[in-house]
Amino acid sequence: MESTLEPGPSRRSFIDWLLGTSAAAFIVSVLYPVSRYLVPPPAGESSAASVTLPIRAEDVKPNTGQIFKFGSKPAILVRTAAGELRAFSAVCTHLNCTVQYRPDLAEIWCACHNGHFDLKGQNVSGPPPRPLDAYVINVRGSQIVVSKGT
Amino acid sequence: MPSAAGSRGRLWTWLDERVGLAEMEKLVRKKQVPIHRHRLWYYFGGMTLFLFGIQVVTGILLLLYYRPSAEEAYESVQFLMAEVQFGWLIRSVHAWSANLMVAVLFIHLFSVLLLKAYRRPREITWVSGVALFGITLAFGFTGYLLPWNELAYFATKVGTEITGALPVVGHFTLRLLRGGDEVTGATLTRFYGIHVAILPAIVTLILGLHLYLVQKHGMSVPPSVERAGGPRRTMPFVPDFLLRDMVGWLSALAVLAALAAFLPAELGRKADPFAPAPIGIKPEWYFMFMFQTLKYLPSTILGIEGEIVGIVGFGLAGLFLLLLPFLDRRAEHGGRSTIFTWIGIGMIAFVIVLTYLGYTASPTQ
Amino acid sequence: MQRWLTPLGPMCLLFAATLGGAATATPPPAQTPTTGASQPAAGPPTTPKESCSACHLEIGDDRLAAPVKAYADDIHRAKGFGCVACHGGDANEAGLEAMDPAKGYIGKPARAQIPQLCGRCHADARFMKRYNPSLRVDQVTEYAASAHGRKLLAQNDPKVATCVSCHPAHAIRPPSDPASSVHPLRVAQTCATCHGDAAYMTGRSLPTNQLQQYTQSVHWLAMSEKGDLSAPTCNDCHGNHGAAPPGVSWVGNVCGQCHTVMSELYAKSVHATAFPRMGVPGCAACHDNHAIKRAAVTMVGLAQETVCANCHSKDDVGGKAAAEMRGVLDALGAEHARAAATLARAEHAGMEVSQARVDLIGANDALVKARVAVHAASVSAVKKEADVGLGIAAKAYERGLRALEELKFRRQGLGVSLVIILALIAGLILKIRQLDRPRRHAGGSVTPNEEA
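Residues numbered from 1 in each chain as written. Chains lettered and ligands numbered in written order. Predicted model: local features only at pLDDT ≥ 70, side-chain atom pairs only at ≥ 80, totals over all residues. Heavy atoms only, no water.

Engineer: Looking at this structure, how should I read the overall build of chain B?
Structural biologist: Along the backbone of chain B there are 16 helices and four strands. Burial status across chain B gives 47% buried among its 365 residues. Summing over all exposed atoms, chain B offers an accessible surface of approximately 18500 Å²; the carbon and sulfur share of this is 69%. (Helix = DSSP H or I, 4+ residues; strand = E, 2+ residues; numbered from the N terminus. Buried < 20%, exposed > 50% of the residue type's maximum accessible area, 1.4 Å probe, protein only. Areas by Shrake-Rupley, 256 points an atom, 1.4 Å probe, with all protein chains shown as cover.)

What follows is the structure, given as structure tokens:
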């Protein structure tokens, strides 16, 4: 330790400078993550109970179907020939393969063991023992929102 | 530093006229902290307060993204961890700071107990402190359920089940806590309300009282120091003690940051009420000693169900703690109360040993 | 099975003679609340007074009593049919008068007559409609076309199965009853009673290890362990009443009942024309007929344990294609594994990668589809599916790498913030010492070297 009575002005001002600068840096290092946190991320909201599809409603043609992600499982969106939008879980109730839409049959079909589901999700032929879970669809303008329903 | 009002600047003077800053400053500067060989323990109260402050700030930030329903809670936390910028940091700090706060709170409680700072005139300070301890444990218990994951679900189930074993009021309390007979979404929403509204309101009042009383009575001097003639010197609270406090707080913050980066808060699997309980469910570590004690008790003691004896026993221990200033008559009159010192040491040993056993004993015992 | 009952007629006479005079029509024993009437065309179940069970139970010979006891659980009894419905005679008469050929009594029917006997009701659509309108009524016709039926009717083969071989005559239960001999879980055992008995099958050209092989197959495991009763057992491929092994050229159609995609791909492949020409039994050539194991990538290619190597070598076009297909499948498998491992590492380190893991499922789906495309025996078909999977796996791998990058970023960020905090702490400590110093020298209240 030094033997001076008091730290010289240079030392004192160094300490003050150090304190000031590091305090400012500290405040920035706290405020930076907090302010980034406050800005909502692109995904907007958690997608547990409902998913807004990146597909526009008018782009879904009648008698077509496509797979989309719902939470952690695949789901299938179908527009019937009559024009109605429907969505179901795409996990086959037999052995969990992913189903697909068959426009030639106007049915949902599982390629693994030839299971057939009608457009209400009912298992109509083949090994699947249970119907597909149906989801609720709401269309807001050209946005399709699929949710689990009650 | 010079304290004359005039050299302070115009802003300070303007505020002083309206809010009375000079008076406040005088009050704050009055506070002196005694210096003696036990002064290390003086820091733990402030540390607890600091960590509580962190909880409030991170908790409010979490509120912006969390959803308190059984269908969405888990996913909202998942979203927070994965998509929100620094969401992992806020959540991990919140989780770790909770643990750290309880640990520091234990140290604060037992150091105050062993240094007999509950003596007159600080009895109400002590009582409010024990109440704060209970509230903190309640914060921990309610907060733990909020991510609605497997571990939390079953820990809550077991914890509320134990409440249900209380005589007379057990079933009613269980229903009150769970919002029904089982742990469901209703429980989650209820715990959420308790965690973010009810407990904060209560804690504001009691903490305010506690801090006011600490300011009013100043720092207590341990009996051994008093007997030796009192502390030879003191240091002003502002700025000396406060600067030292801040060193401690910043160190704690550094530890929290490291913990958040290397051991981020886990999420596990979503709660499934229909799945069987996983082996080795454990409560949070600060409940472990009670949990483990209940496991060791025989199924009946003197005709009463063992679990109830255990719960009532802990309740009585809590009551003992609460009424400690009024029971320790010797210390009140300035004498040695070695019995209470030994009781305190015994409690510490009990908590440590049973917590250790809780983590090392096989879950299928 | 019931060969030993043939001498029973005369024996019955003997016993009845000894009893002599026990002619009172005893009411049916309490344990068999009987139903049925004297004609096949019975109405709703009533409690008839059938004399048959009375004697047959009390006589003391197990061979007579066994059918009566077994009949308690029979479905015909539940529907109101008694002994007389099949064996004829007069149920109201007691004693031997009941067994009167003039009253239609036929005793134990001859083997060759059994299909017709059962067919008296079961081939009559209008009759069956009264009891179960959805039951088929063509079993006898089918049977006549089956291997069993042709042998029985043309050569009166004493060992082939008749109706009662699989549906035990007095204890017939519907197939949906788990205790029935023709419940899906028990069909294989029932067929194997003859077909698995090497001694019984001597002199015939059929193997006798089918049951043993079948119990090793995925189909049996699916039924017995997973409880999937839609999995095939003997009758699903061989037919039940019209049982016959599938022809070599139409094995694919049989398997294709469930495995449509593979069957369709196969049907368009070069194998579909080549195999029948060579007498190779379609699907069974690679997958076996009874001991069907779980299909794996290891079956494809030219290595030792593959099925392609049974016919192909590396010198022919097919062999080269097989090797290439295996290469593509292995590559996709490896990509998938790499992506999965990276994501797992990231997850272990605390990063949130659940969405990427879900997306990776698509790569696994593509791998499954690529493996199925092998049936088209065309490298381009396999590549088409595999390419999709490779794309997905690559994206997931990238996501995993990004997560690990983020992890690095976090640790670097931590380093930076720790440096700042430590600097601040250093500043504070220096400040503390600075404040202490003047007081020390002024004889103040803080001593030097004061640690916190």
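What follows picks up the thread again.
Engineer: Whenever I open this one, the interface of chain B and chain A confuses me. Can you help?
Structural biologist: A common way to express how large an interface is: the accessible area buried when the components associate. Facing 20 residues of chain B, the contacting portion of chain A comprises 16 residues. Counting each side, the surface lost to burial between chain B and chain A is near 1500 Å², with a carbon and sulfur contribution of 73%. Counting across the chain B and chain A interface gives zero salt bridges. Inspection of the chain B/chain A interface yields five residue pairs in polar contact (both at pLDDT 80 or more). (Contact = heavy atoms within 4.5 Å. Buried area = accessible area lost by both parts, 1.4 Å probe. Salt bridge = Lys/Arg side-chain N within 4 Å of Asp/Glu carboxyl O. Polar contact = N/O pair within 3.5 Å; in protein donor to acceptor, adjacent residues only side chain to side chain.)

Engineer: Explain the interface of chain B and chain C to me, please; I cannot follow it from the model alone.
Structural biologist: Contacts between chain B and chain C engage 26 residues on the former and 26 residues on the latter. For the chain B and chain C pair, buried surface summed over both sides reaches about 2400 Å², with 67% attributable to carbon and sulfur atoms. Interface area lost by chain B to chain C is led by L243, R244 and L250 of chain B, which between them contribute 23%. Run the count over chain B and chain C and you get one salt bridge. Among the ionic pairs, D436 of chain C bridges to R244 of chain B, the shortest N-O distance being 3.0 Å. The set of elements that each furnish at least two residues to the side of chain B that touches chain C consists of helix 4 (73–82), strand 2 (233–236) and helix 11 (237–262) of chain B.

Engineer: Hey, could you run me through the sheet that holds strand 6 (residues 107–110) of chain A in this one?
Structural biologist: The strands that make up a sheet pair up through hydrogen bonds in the backbone, lying either parallel or antiparallel. All names here are of chain A. In space, the four strands of this open sheet follow the order 5-6-7-8, with antiparallel pairing throughout. The open sheet has two edge strands, strand 5 (100–102) and strand 8 (123–125), and neither has a second partner. Adjacent strand axes in the sheet meet at a mean angle of 40° when their direction is disregarded. Relative to strand 6, strand 5 is paired through three bridges, and the arrangement is antiparallel. Bridging across to strand 6, R102 finds its partner in E107. (Pairing = 2+ DSSP bridges. Axes fitted to C-alpha atoms, helices over the stretch in contact; angles between N-to-C directions.)

Engineer: Where do I start with the packing of helix 1 (residues 10–19) of chain B against helix 2 (residues 21–30) of chain B in this structure?
Structural biologist: For any two helices packed against each other, the geometry comes down to the angle between their axes and how far apart the axes lie. Residues and elements named next belong to chain B. The N-to-C vectors of helix 1 and helix 2 enclose an angle of 90°; their axes lie 6 Å apart at closest approach. For the element pair helix 1 / helix 2, the angle class is roughly perpendicular. When helix 1 is examined against helix 2, the residues W12, L15, D16 and V19 are found in contact with a partner set consisting of L21, A22, M24 and E25. Classifying every residue of the contact of helix 1 with helix 2 gives six nonpolar, no polar and two charged. (Parallel < 35°, antiparallel > 145°, perpendicular 65-115°, else oblique. Nonpolar A, V, L, I, M, F, W, Y, C, P; charged D, E, K, R; others polar.)

Engineer: Would you take a moment to explain the packing of aromatic side chains for this structure?
Structural biologist: What characterises a pair of aromatic rings is the spacing of the ring centres plus the angle enclosed by the ring planes. Summed over the entire model, instances satisfying the criterion amount to 28 aromatic pairs over all chains. Measuring from ring centre to ring centre gives 6.2 Å for F106 of chain B and W285 of chain B, while their planes differ by 45°; the resulting arrangement is tilted. Placement of the pair is F106 of chain B in helix 5 (residues 87–114) and W285 of chain B in helix 12 (residues 285–296), with a sequence separation of 179 residues. On the basis of relative accessible area, F106 of chain B is assigned to the buried category, the value being 11%. On the numbers, 5.9 Å between centres and 55° between planes, the contact of Y214 of chain C with W220 of chain C is tilted. With relative accessibility at 9%, the residue Y214 of chain C sits in the buried group. Through successive ring pairs, a cluster of aromatic residues spans F106, F110, F133, F141, F191, W285, Y286 and F287 of chain B. Geometry around W109 of chain A places R102 of chain A over its ring, the cationic atom sitting 4.5 Å from the centre. (Phe/Tyr/Trp six-rings, centres within 6.5 Å; stacked < 30°, edge-to-face > 60°. Lys NZ or Arg CZ within 6 Å of the ring centre and 35° of its normal.)

Engineer: How should the state of the cysteines be read in this particular structure?
Structural biologist: Here, disulfide denotes a covalent bond that connects the sulfur atoms of two cysteines. In this structure the tally under the stated criterion is one disulfide over all chains. The disulfide that involves C97 of chain A links it to C112 of chain A, with 2.1 Å between the sulfurs. Judged by the torsion about the S-S bond (-100°), the C97 of chain A/C112 of chain A disulfide is left-handed. Of the two residues, C97 of chain A sits in the loop between strand 4 (85–89) and strand 5 while C112 of chain A sits in the loop between strand 6 and strand 7 (115–117), which places them 15 residues apart along the sequence. Like C97 of chain A, the residue C112 of chain A is buried in the burial classification. The closest cysteine sulfur to the non-disulfide-bonded C258 of chain C is located on C237 of chain C, 8.1 Å from its own sulfur. Accessibility expressed as a relative area gives 29% for C258 of chain C, which makes it partly exposed. (Disulfide = S-S within 2.5 Å.)

Engineer: Which parts of the structure should I look at to understand the nonpolar core?
Structural biologist: Where a protein is soluble and globular, its nonpolar side chains tend to be buried together. Residues and elements named next belong to chain B. Counting 54 residues, the largest nonpolar core has W148, L250 and L253 as its most contacted members. Element by element, the count of residues in this core is highest for helix 11, at eight residues. F106, Y118, V130 and F133 belong to the second-largest nonpolar core, a separate cluster that totals 20 residues. (Core = buried A, V, L, I, M, F, W, Y, C linked by side-chain atoms within 4.5 Å.)

Engineer: Can you help me understand the pairing of strand 3 (residues 73–79) of chain A in this one?
Structural biologist: When a strand is regular, its side chains alternate between the sheet's two faces. All names here are of chain A. Counted residue by residue, strand 3 has six buried out of seven residues, so it is predominantly covered. As paired strands, strand 2 (residues 64–70) and strand 3 are joined by seven bridges and run antiparallel to one another. Looking at strand 3, one finds that F70 is bridged to K73. Bridge analysis of strand 3 against strand 4 gives five bridges, and the strand direction is antiparallel. Bridge assignment links V78 to a residue of strand 4, and that residue is R86. Connecting strand 3 to the antiparallel partner strand 4 that follows it, the hairpin turn spans five residues, and G83 within it adopts a positive phi of roughly 105°.

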